[in-house]
Amino acid sequence: MMDMEVNKILNAFNSNQNKPIKRELDKNAFLQILTVQLSNQDPLNAKDNTEYIAQMAQFSALEQMQNLNLSIEKLLSTQKLNYATSLIGKEVELKYNDTIKKN
């Protein structure tokens, strides 16, 4: 029985060898792992569902933090653009390598 599980994992691994390698796990990868775990567990010794629910909650929280980080980065870019736009038509001084240039 253990050989069949190992063969399934090896076949899944080999079929994914032609795909580009991702360095980060996304929602789809997490769901694929969860599906494989659920389909290959022993029906007579099933794992507790609370563990899976906790993993999904942690993953969901991580995904929301990443979305928040992207939103903050966009906001910062917009603020920089607005500040740069406010300088149009004004005289500014630029300090670069301890020298001041006026434009």
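Keep in mind that this is a model prediction, so the values were computed, not measured. (Residues numbered from 1 in each chain as written. Predicted model: local features only at pLDDT ≥ 70, side-chain atom pairs only at ≥ 80, totals over all residues. Heavy atoms only, no water.)

A. Structural view of the overall build of the protein chain. Check the secondary structure of the protein chain and you find 3 helices and 2 strands. Mapped from its N terminus to its C terminus, the protein chain presents α and β elements in the order α-α-α-β-β. By the burial criterion, 5% of the 103 residues in the protein chain qualify as buried. In the structure as shown, the protein chain presents an accessible area of about 9800 Å², 58% of it carried by carbon and sulfur atoms. (Helix = DSSP H or I, 4+ residues; strand = E, 2+ residues; numbered from the N terminus. Buried < 20%, exposed > 50% of the residue type's maximum accessible area, 1.4 Å probe, protein only. Areas by Shrake-Rupley, 256 points an atom, 1.4 Å probe, with all protein chains shown as cover.)

B. Structural view of helix H2 (residues 27–40). Under the 1.5 Å per step criterion, the end-to-end length of H2 is 20 Å for 14 residues, consistent within 8% with the ideal 20 Å. Turning to H2, its buried residues are Ala 29, Phe 30 and Leu 34. Seen from one end, H2 has its buried residues packed into an arc of 135°, which puts them on one side. Facing away from the buried surface of H2 by more than 90 degrees, the exposed residues are Asn 28, Gln 32 and Ser 39. The inward-facing, buried residues of H2 contact helix H3 (49–86). (Expected span 1.5 Å × (residues − 1). Arc of directions from axis to C-beta. Contact = heavy atoms within 4.5 Å.)

C. Here's a closer look at the packing of H2 against H3. Here H2 crosses H3 at 175°, and the two axes come no closer than 11 Å. Considering the angle they form, H2 stands roughly antiparallel to H3. Within the contact between the two elements, H2 uses Lys 27, Phe 30, Leu 34, Gln 37 and Leu 38 and H3 uses Tyr 52, Gln 55, Met 56, Phe 59 and Glu 63. (Axes fitted to C-alpha atoms, helices over the stretch in contact; angles between N-to-C directions. Parallel < 35°, antiparallel > 145°, perpendicular 65-115°, else oblique.)

D. The confidence of the model for the protein chain, seen in detail. On average, residues of the protein chain carry a pLDDT of 76, and 69% of them reach 70 or more. When the elements of the protein chain are averaged for pLDDT, helix H1 (residues 2–15) gives the smallest value, 62, and H3 the largest, 88. (pLDDT = per-residue confidence, 0-100.)

E. Quick peek at a nonpolar patch on the surface. Judged by side-chain polarity, Tyr 83, Leu 87 and Val 92 come together as a nonpolar surface patch covering roughly 260 Å² of accessible area. One can find Tyr 83 in helix H3. (Patch = residues over 30% accessible without salt bridge, like charges linked within 9 Å, V, L, I, M, F, W, Y side chains within 5 Å. Salt bridge = Lys/Arg side-chain N within 4 Å of Asp/Glu carboxyl O.)

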